[in-house]
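These are the residues of each chain, in order.
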Amino acid sequence: MAENSRHKAKIAVFISGAGTNMAALLFASRLPDAAFEIVLVASNVRDAGGLALARLEGIETFAHPHKGMTREDHDAVMESAAQQAGAEFIVLAGYMRILSDAFVNRWQGRMLNIHPSLLPKYKGLDTFARAIAAGDSHAGSSVHIVTPELDAGEVLAQSVVAIAPDDTPETLGERVKLAEHQLYPRAVNEYVSRGFDPAFLLGRIRKLALGLPETHERESHGSPGFRVGSEKSGKFFAHFSDQHHGTPHIAVLVKTSSMDELLSLVETQPEVYFKPAYYGASGWIGLILNRPGVDWDHVGEWLERSWRAVAPKRLTRMMDIEDEF
Ligand code: GAR
């Protein structure tokens, strides 16, 4: 995708050990189709093996032991290193620290982890020993979004690895790592690219738009649109626009209250807003979605506002009453 090849997502990788997954990510990031680059490798262990490898490859590194620090303070030091390096995502690769809720929440949707089990099985430690003891036929690894609850965020991808009758946790762990080295770079690549993928973006808009009361989807001029009211007399409150009329933008078009508002938003925040061809003349503004750091709460607020602007009074009155409580 054109937009994608222009912007490589900047990731900081956090490690505590050998860093073989970090190395797999690093070498993958140098292949021609990579959608990400590593801007920092950071560790809570000063002599973590992966740090030397990263330095050898010309990647910036950072180490800060956690000893004697509160969890929050240590997280803050690591976070600020990631921010200074310009990271848009934090990728945990054998980072053996539990993170504070506040830190995790600040990076919600922008922090991934790899865990050596087929989640939701075997969260926490000693995953291989537990899989063998349970008599499982297969073990594996999972890439997931990091949420405050340990190893419980949405699973993005998994690799399945057969368990041999004579496997020890060590022999099984070695094979799972081989699988991880294939899995993690691919999962990270896909995750950081999805913000530029029209199908993914439309899916998110659809969920938000159809989450509003009495809405339905209707095509308009060949593009998906969203209406409020009955099938017969409903009105459009949003249009999805995928690089139409020569713009590079994938966007959702929503109603502004006036041409003044539209023009001033486009002028002051051209990275977020644009005036779409044809629709712009009647007050529709384009909210650009194929860019780093889209604030989806903000997109949701715009959709609701646009919905309110055209929804029948009986529906907006209900919303107004709900707002009061
Ligand atoms: C990996 O197997 C990863 O799944 C695991 O640590 C290993 C790190 O190896 N992560 C966890 O156990 C997280 N709870 P590496 O340093 O060689 O990449």
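Here is what the cut-offs are and how they apply
Residue numbers run consecutively from 1 along every chain, following the written order of its sequence. For a predicted model such as this one, the threshold for reporting local features is a pLDDT of at least 70, and the threshold for listing and counting side-chain atom pairs is 80 or more; totals across whole chains, interfaces and linings nevertheless cover every residue. Processing note: side-chain calculations cover all non-hydrogen atoms of the structure and skip hydrogens and water entirely. Each residue is tested against the molecule or strand, and it is near if at least one of its non-hydrogen atoms lies within 4 Å. Counted as a polar contact is a pair of N or O atoms within 3.5 Å, where, for protein atoms, one must be capable of donating a hydrogen and the other of accepting one, and residues adjacent in sequence contribute only when both atoms are in side chains. For the accessible areas, the method is Shrake-Rupley and the probe is 1.4 Å, while residue cover comes only from the protein chains on display. What counts as an axis is a line fitted to C-alpha atoms, over the stretch in contact for a helix, and the angles between N-to-C directions run from 0 to 180 degrees. Labels follow the DSSP assignment, with helices taken as runs of H or I lasting at least four residues and strands as runs of E lasting at least two, numbered in each case from the N terminus. In this scheme, roughly parallel covers angles under 35 degrees and roughly antiparallel covers those over 145, while 65 to 115 is roughly perpendicular and the rest are oblique. Helix crossings fall into two classes, left-handed where the near helix is turned counterclockwise from the far one by less than a right angle and right-handed where it is turned clockwise. Contact criterion: two residues are considered in contact whenever any of their non-hydrogen atoms come within 4.5 Å of each other. Residues are sorted three ways: Asp, Glu, Lys and Arg are charged, Ala, Val, Leu, Ile, Met, Phe, Trp, Tyr, Cys and Pro are nonpolar, and all the rest, Gly among them, are polar. When a residue's accessible area, from a 1.4 Å probe over protein chains only, is under 20% of the maximum for its type it is buried; when over 50% it is exposed; and in between it is partly exposed. Arc, as used here, means the arc of the directions from the helix axis to the C-beta atoms. When two rings of Phe, Tyr or Trp (its six-membered ring) have centres within 6.5 Å they constitute a pair, described as stacked for plane angles under 30 degrees, edge-to-face for angles over 60, and tilted for the intermediate range. Definition used: whenever NZ (Lys) or CZ (Arg) falls within 6 Å of the ring centre and also within 35 degrees of the ring normal, the charge is taken to sit over that ring. Working definition of a nonpolar core: buried Ala, Val, Leu, Ile, Met, Phe, Trp, Tyr and Cys residues. They are joined through side-chain atoms within 4.5 Å. Any two strands are treated as partners once DSSP identifies two or more bridges connecting them. Charged-residue counts in this description rest on Lys and Arg as positive and Asp and Glu as negative, His and the chain ends being excluded. Take a side-chain nitrogen of Lys or Arg and a carboxyl oxygen of Asp or Glu: if they are within 4 Å of each other, that pair is a salt bridge. Look down the strands so they point away from you; if going from the first strand over the helix to the second traces a clockwise path, that crossover is right-handed.

## A few points about the site of the ligand
Around the ligand, the structure places Ala18, Gly19, Thr20, Asn21, Gly94, Met96, Ile114, His115, Pro116, Lys177 and Glu180. Take Gly19: an N or O atom from its main chain is 2.8 Å from an oxygen atom of the ligand. In the model, an oxygen atom of the ligand is placed 2.6 Å from a nitrogen or oxygen of the Lys177 side chain. Alone, the ligand offers 450 Å² of accessible surface; in the complex the protein occludes 87% of this.

## Points about the packing of helix α2 (residues 20-29) against helix α3 (residues 49-56)
Geometry of a packed helix pair, given as the angle between the helix axes and the separation of the axes. Where α2 meets α3, the axes come as close as 9 Å, and the angle between the chain directions of the two elements is 20°. The angle between α2 and α3 falls in the class roughly parallel. Considering how the two elements wind past one another, α2 and α3 form a crossing that is right-handed. Of α3, the residues touching α2 (which contributes Met22, Ala23 and Leu26) are Gly50, Leu53 and Ala54. Class assignment of the residues belonging to the contact of α2 with α3 gives a composition of five nonpolar, one polar and no charged.

## Brief notes about α3
When we look at burial in α3, the residues that qualify are Gly50, Leu51 and Ala54. Viewed end-on, α3 has its buried residues packed into an arc of 105°, placing them on one side of the element. Along its buried surface, α3 packs onto β1 (9-15), α2, β2 (36-43) and β3 (61-63). Note on α3: the residue one or two positions beyond its end, Gly58, has a positive phi of about 80°.

## Let's talk about the packing of helix α10 (residues 296-310) against helix α11 (residues 313-324)
For the pair α10 and α11, interaxial distance at closest approach is 8 Å and the crossing angle is 130°. Of the possible angle classes, the one that applies to α10 and α11 is oblique. Considering only the axes of α10 and α11, their crossing is left-handed. Only Leu315, Thr316, Met319, Asp320 and Asp323 of α11 make contact with α10, whose side of the interface consists of Glu304, Trp307 and Arg308. When the residues that make up the contact of α10 with α11 are grouped by side-chain class, the tally is three nonpolar, one polar and four charged.

## A few points about the packing of aromatic side chains
Per the counting criterion, the structure on display carries four aromatic pairs. Judged by centre distance (6.2 Å) and plane angle (75°), the rings of Phe89 and Tyr191 are edge-to-face. Pair noted here: Phe89 is in strand β4 (residues 89-92) and Tyr191 is in helix α7 (residues 169-193), with a separation of 102 residues, a long-range link. A ring pair is formed by Tyr279 and Trp284, whose centres lie 6.2 Å apart and whose planes are at 85°; its orientation type is edge-to-face. The partly exposed category is assigned to Tyr279, whose relative accessible area is 21%. One residue, Arg110, lies across the ring of Trp107, its end atom 4.3 Å from the ring centre. Stacked on the ring of Trp296, the Lys or Arg Arg204 has its end atom at 4.5 Å from the ring centre.

## Some points on the nonpolar core
Core analysis: the biggest nonpolar cluster contains 30 residues, and Ile205, Phe237, Val252, Leu289, Val299, Leu303 and Trp307 have the highest contact counts within it. Elements supplying a minimum of two residues to this core: α8 (198-210), β9 (223-228), β10 (235-242), β11 (250-255), α9 (259-268), β13 (284-288), α10 and α11. When residues of this core are assigned to their parent elements, the largest contribution, six residues, is made by α10. What Val299 contacts, discounting residues up to four positions off in sequence, is Ile205, Leu208, Val252, Leu287, Leu289 and Val294. In terms of nonpolar packing, the next biggest core, distinct from the first, is built from 28 residues, Leu25, Phe36, Val41 and Val192 among them.

## Re the pairing of strand β6 (residues 138-145)
Taking burial as the measure, the eight residues of β6 include seven buried ones, the bulk of the element. In this sheet, β6 lies alongside strand β5 (residues 111-115) in antiparallel orientation, the contact comprising four bridges. Opposite Ile114, over in β6, you have Val143 as the bridge partner. Note that β6 and strand β7 (residues 155-162) share seven bridges and pair antiparallel. Each bridged residue has a counterpart across the sheet, and for His138 the counterpart in β7 is Ala162.

## Things to note about the environment of Ser241
Looking at where Ser241 falls in the secondary structure, it is placed in strand β10. For Ser241, the residues in contact, after removing those within four places along its chain, are His249, Ile250, Ala251 and Leu253.

## Some words on the side chain of Glu180
Structurally, Glu180 can be placed in helix α7. Buried charged residue Glu180 carries no salt bridge. Nearest counter-charge: Lys177, at 6.1 Å. Other than its neighbours up to four places away in sequence, Glu180 contacts Asn21, Ile114, His115, Pro116, Ser141 and Pro185.

## Concerning the pairing of β1
Counting buried positions over the seven residues of β1 gives six, a clear majority of the element. With seven bridges joining them, β1 and β2 adopt parallel strand pairing. In the strand pairing of β2, Phe14 is matched with Ala42. Between the parallel pair β1 and β2, the chain is carried across by α2, and the sense of this crossover is right-handed. Inspection of the sheet shows β1 paired to β4 by four bridges, in the parallel sense. Counted as the bridge partner of Phe14 is Leu92 from β4.

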